[in-house]
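# Summary of the model geometry
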Amino acid sequence: MLTVLILFLIIPILIFLLWYRHYYIPYKVFSRLGIAHPPVEPFTGNVNGILRQGIIESLNNDIKKYGKVFGWYIGTDKWMIVADTNMLREIFIKSSDHFNQRPDSPIISIARDDLPPGLIFLKKDEWKVIKPIVTPSFSAKKLKLMSPLIERSCSSLKERFAEICESKKSSDLFDVFGQFTMETVLGAAFGSQVNVLKGEGDSLTEAAAGMLAEATINQLLWGYIIMSHFSSIVNILLTIGSSLYSTKLKRGFAFLAKFGFRLIKERRQTASSLQNKDFLQLLMDARSPPEGGGAASNNVKDSLSDKEIVGLCIDFMLAGYETTKNTMSYISYLLAINDEKQETLCTAIDEYYQENEYASLYDASHDIQYLDWVVSEGLRMYPPVSRIVRDCCDDCVINGVQFIKESKVQVPVQYLHYSPEHWDRPDEFIPERFSPEGKEGRHPLCYVPFGYGQRSCIGMRFALMEIKMALTAVLRDFKFEISSDTQIPLKLTQGITQYPTDGVYLKIIKR
Ligand code: HEM
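All residue numbers here refer to positions counted from 1 along the written sequence of the relevant chain. This being a predicted model, a pLDDT of at least 70 is required before a residue's local features are given, and a value of 80 or more before pairs of side-chain atoms are given or counted; all residues contribute to the totals for chains, interfaces and linings. To get the side-chain values, all heavy atoms of the structure are used, and hydrogens and water are removed first.

What counts, and what does not: UniProt positions are given in the numbering used here, feature names are shortened, and annotations may be inferred rather than shown by experiment.
Going by an unreviewed UniProt entry, the protein carries the name Cytochrome P450 and comes from Amphimedon queenslandica. Turning to the protein, the UniProt record has this under Cofactor (unreviewed entry): "heme".

The following block contains the structure:
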């Protein structure tokens with residue numbers, strides 16, 4: 001009797017409830033609001049379609065089919081895709097208060113334990129308190145003080161390039177720039193002196209490498225699906241997930257946190273603040289701007305706690321490592337396959353040094369205009385962050401479209417950077433399009449490698465300083481050249497950032 005009851009009554013009711021809760025109800029929202037979306041599949045929503053095509057191709061195809069504003073279901077989460085530049089101006093600037101935070105990353109939340117979420121994943125009310133205290137650490141003056149640290153790594157990079165040049169073989173520059181960026185990121189965050197480019201390593205470098213390993217879009221999307229369906233038991237799932245998947249990530253976080261706390265303690269005891277020019281020290285010394293100092297005048301907090309300082313330093317490493325490493329790899333590839341542009345850049349560097357013989361690397365990289373155009377065009381063609389994601393925090397109507405609270409907004413950066421509506425010959429590498437004449441009349445929201453508005457990239461100046469200094473240093477003596485194993489075009493993988501799947505193999509030749 002009981003078996004019959006279970007088979008014919010309880011199981012069908014359970015199936016019906018699951019179908020109703022996880023399929024019928026969640027997937028009606030966009031249609032009710034008149035928002036177009038691709039057909040959904042149970043449980044996953046649109047994810048299978050996205051994974052089948054690849055996320056960038058999916059975005060491009062769906063924009064063609066459904067227009068510049070449409071919906072995706074990721075699990076049961078509602079994501080609005082917005083590729084309309086006027087609507088983006090509203091979202092990033094005029095109505096930014098509704099969109100001023102990012103969704104939790106399923107992978108990072110697994111591993112952080114009790115460390116505060118730095119700036120990237122900080123919810124908007126807490127972010128408003130912390131951001132004004134952090135901002136002065138990224139001023140041009142403070143960053144210039146950090147330039148000797150980068151200059152030191154640039155010298156090691158040149159030595160490494162000399163070895164590659166001598167070998168007459170190609171080398172994976174994605175790997176070499178990875179070591180360069182690891183060295184600078186550890187130096188900038190924690191004042192580390194380890195010379196990763198010369199093959200030195202320590203437990204700090206090992207922990208950072210474990211933490212900074214790339215996650216693919218498949219892992220991320222599956223994380224989002226699980227979070228969307230099971231938000232009520234998400235902590236249990238995250239705990240299980242953490243033991244199964246992210247031990248390396250977790251260990252990396254734990255080690256860096258311990259390292260950071262110890263360093264703060266040591267520095268407080270020795271009062272050595274003047275010798276240290278890294279973010280840890282800048283944040284230890286950071287105080288809320290005084291009354292009348294703009295956005296922070298009514299700040300309830302005067303300084304940062306030790307946990308916040310360490311959380312922020314780890315955040316800068318997470319945000320700055322892959323993005324910078326990828327950008328440098330892409331630009332070297334673009335210069336190698338566009339040799340006449342590389343020649344123009346080398347000439348600009350030579351001419352600068354003829355007129356300014358003793359200029360520092362910092363000044364040279366800051367002053368050479370063509371270098372700025374090359375880097376900007378590299379970031380247009382290969383934005384490391386190919387999609388920007390924000391939370392919608394309130395129900396609101398933007399340019400006639402209803403956005404619902406707790407949905408997410410996704411900005412297809414790669415699509416915007418190639419849209420023929422904004423760019424002439426978008427597939428070509430043309431640094432001159434970033435000259436003052438080239439930029440004239442262009443919509444500002446069609447170029448967003450660092451995002452836009454209040455929550456745009458706080459590390460932009462630091463990243464540009466590092467990339468330009470490294471390029472100036474190496475191009476004074478060397479050039480990038482393609483070889484038989486250079487993959488053209490580059491195959492890309494979409495993860496937290498967009499990175500070259502098989503590395504970037506190039507030869508280095510003497511100029
Ligand atoms: C080429 C290198 C880089 C690129 C392309 C890049 C890109 C981005 C993008 C697209 C965002 C999101 C912006 C938005 O939502 O509007 C972002 C945020 C952020 N980036 Fe970067 N980034 C780079 C390097 C760095 C570096 C070196 C650091 C730290 C030293 C850094 C720290 C951050 C932080 C903390 C945020 C969150 C800001 C906030 O929410 O207030 N980034 N970045």
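### Some words on the UniProt feature "binding site: heme" (unreviewed entry) in the protein
In plain terms, the rule: Think of it this way: any DSSP run of H or I at least four residues long counts as a helix, any run of E at least two long counts as a strand, and we number them from the N terminus. When a residue's accessible area, from a 1.4 Å probe over protein chains only, is under 20% of the maximum for its type it is buried; when over 50% it is exposed; and in between it is partly exposed.
Taking the UniProt record as the reference, the feature "binding site: heme" (unreviewed entry) is found at Cys-457. For Cys-457, the position within the fold is in the loop between helix H20 (436–439) and helix H21 (460–475). Relative accessible area serves as the criterion here: at 35%, Cys-457 is assigned to the partly exposed category.

### Details of the packing of helix H9 (residues 173–190) against H21
What counts, and what does not: Note on method: axes are straight lines fitted to C-alpha atoms, helices fitted across the in-contact stretch only, with angles between N-to-C directions ranging 0 to 180 degrees. Geometric relationships in this document are graded by angle, where less than 35 degrees denotes roughly parallel, more than 145 denotes roughly antiparallel, 65 to 115 denotes roughly perpendicular, and other angles denote oblique. Two helices crossing with the near one rotated counterclockwise from the far one by less than a right angle form a left-handed crossing, whereas a clockwise rotation gives a right-handed crossing. Between two residues, a contact is recorded if the distance between any of their heavy atoms is within 4.5 Å.
At a minimum axis distance of 12 Å, the contact between H9 and H21 shows a crossing angle of 135°. The orientation of H9 relative to H21 falls into the category oblique. Handedness of the H9/H21 crossing: right-handed. For the pair H9 and H21, contact is made by Phe-180, Thr-181, Thr-184 and Ala-188 and by Phe-462, Glu-466 and Ala-470, respectively.

### Observations concerning the sheet that holds strand S8 (residues 478–481)
Stated formally: At least two DSSP bridges between two strands are needed for those strands to be called paired.
Read from one edge of the open sheet, three strands run S3-S11-S8, paired in antiparallel fashion. Looking at which strands have only one partner, the edges of the open sheet turn out to be strand S3 (171–172) and S8. Summarising the sheet, S3 and strand S11 (residues 505–510) pair through two bridges and their orientation is antiparallel. Across the sheet, Ser-171 pairs through a bridge with Leu-506, a residue of S11.

### So, the site of the ligand
The condition is simple: For this description, a residue counts as near a given molecule or strand if any of its non-hydrogen atoms is within 4 Å of it. In the analysis that follows, any N or O atom pair within 3.5 Å is treated as a polar contact, provided that within protein one partner can donate a hydrogen and the other can accept it, and provided that, for residues neighboring in sequence, both atoms belong to side chains.
In the vicinity of the ligand there are 28 residues, among which Arg-102, Trp-127, Arg-390, Arg-455 and Cys-457 approach most closely. The contact in question runs from an oxygen atom of the ligand to an N or O atom on the side chain of Arg-102, over 2.8 Å. Tyr-452 has a polar backbone atom sitting 3.3 Å from an oxygen atom of the ligand. Those elements that provide at least two residues to the shell around the ligand are helix H15 (306–337), strand S4 (387–391) and H21.

### Comments concerning helix H4 (residues 55–66)
One turn of an α-helix holds 3.6 residues; hence residues three or four places apart share an orientation. Applicable threshold: In this scheme, a helix's expected span is set at 1.5 Å multiplied by one less than its residue total. For this quantity, the arc is that covered by the directions from the helix axis to the C-beta atoms.
Look at H4: 16 Å from first C-alpha to last across 12 residues, which is about the 16 Å you get at 1.5 Å a residue. Buried within H4 are the following residues: Ile-55, Ile-56, Ser-58, Leu-59, Asp-62 and Ile-63. Along the axis of H4, the buried residues cluster in a sector spanning 160°; they form a single face. Away from its buried face by more than 90 degrees, H4 exposes Lys-64 and Lys-65. Two residues or fewer past H4, Gly-67 is found with a positive phi of approximately 95°.

### A short note on the pattern of salt bridges
The cut-off we apply is this: When a carboxyl oxygen of Asp or Glu lies within 4 Å of a side-chain nitrogen of Lys or Arg, that pair is called a salt bridge.
As enumerated under the stated definition, the model contains 23 salt bridges in all. Note that Lys-124 is salt-bridged to Asp-97, the shortest N-O span being 3.7 Å. Taken together, the positions of Lys-124 in helix H7 (residues 124–134) and Asp-97 in the loop between helix H5 (85–94) and helix H6 (106–111) put the pair 27 residues apart, joining distant regions of the chain. In this structure, the salt-bridge partner of Asp-339 is Lys-479, at a minimum N-O distance of 3.1 Å. Of the two residues, Asp-339 sits in helix H16 (residues 339–355) while Lys-479 sits in strand S8, which places them 140 residues apart along the sequence. Salt bridges here are not isolated pairs; linked through shared partners, they connect Asp-97, Lys-124 and Lys-128.

### Observations regarding the packing of H16 against H21
The following threshold applies: When residues are sorted by character, Ala, Val, Leu, Ile, Met, Phe, Trp, Tyr, Cys and Pro go into the nonpolar class, Asp, Glu, Lys and Arg into the charged class, and all the rest, Gly among them, into the polar class.
Orientation of H16 relative to H21, taken along the N-to-C sense of each, is 85°, at an axis distance of 10 Å. The angle between H16 and H21 places the two elements in the roughly perpendicular class. For the pair H16 and H21, the contacting residues are Gln-342, Leu-345, Cys-346, Ile-349 and Tyr-353 in the first and Leu-471, Thr-472 and Leu-475 in the second. Class assignment for the residues of the contact of H16 with H21 results in six nonpolar, two polar and no charged.

### Re H9
In this model, H9 (18 residues) spans 25 Å end to end at C-alpha, consistent with the 26 Å of a helix rising 1.5 Å per residue. In terms of burial, H9 is a largely internal element, 17 of the 18 residues being buried. You can read the cap of H9 off the contacts: a side-chain oxygen lies 3.1 Å from the backbone nitrogen of Phe-174, and it is on Asp-172. Following H9 by one or two positions, Gly-191 adopts a phi angle in the positive range, close to 70°.

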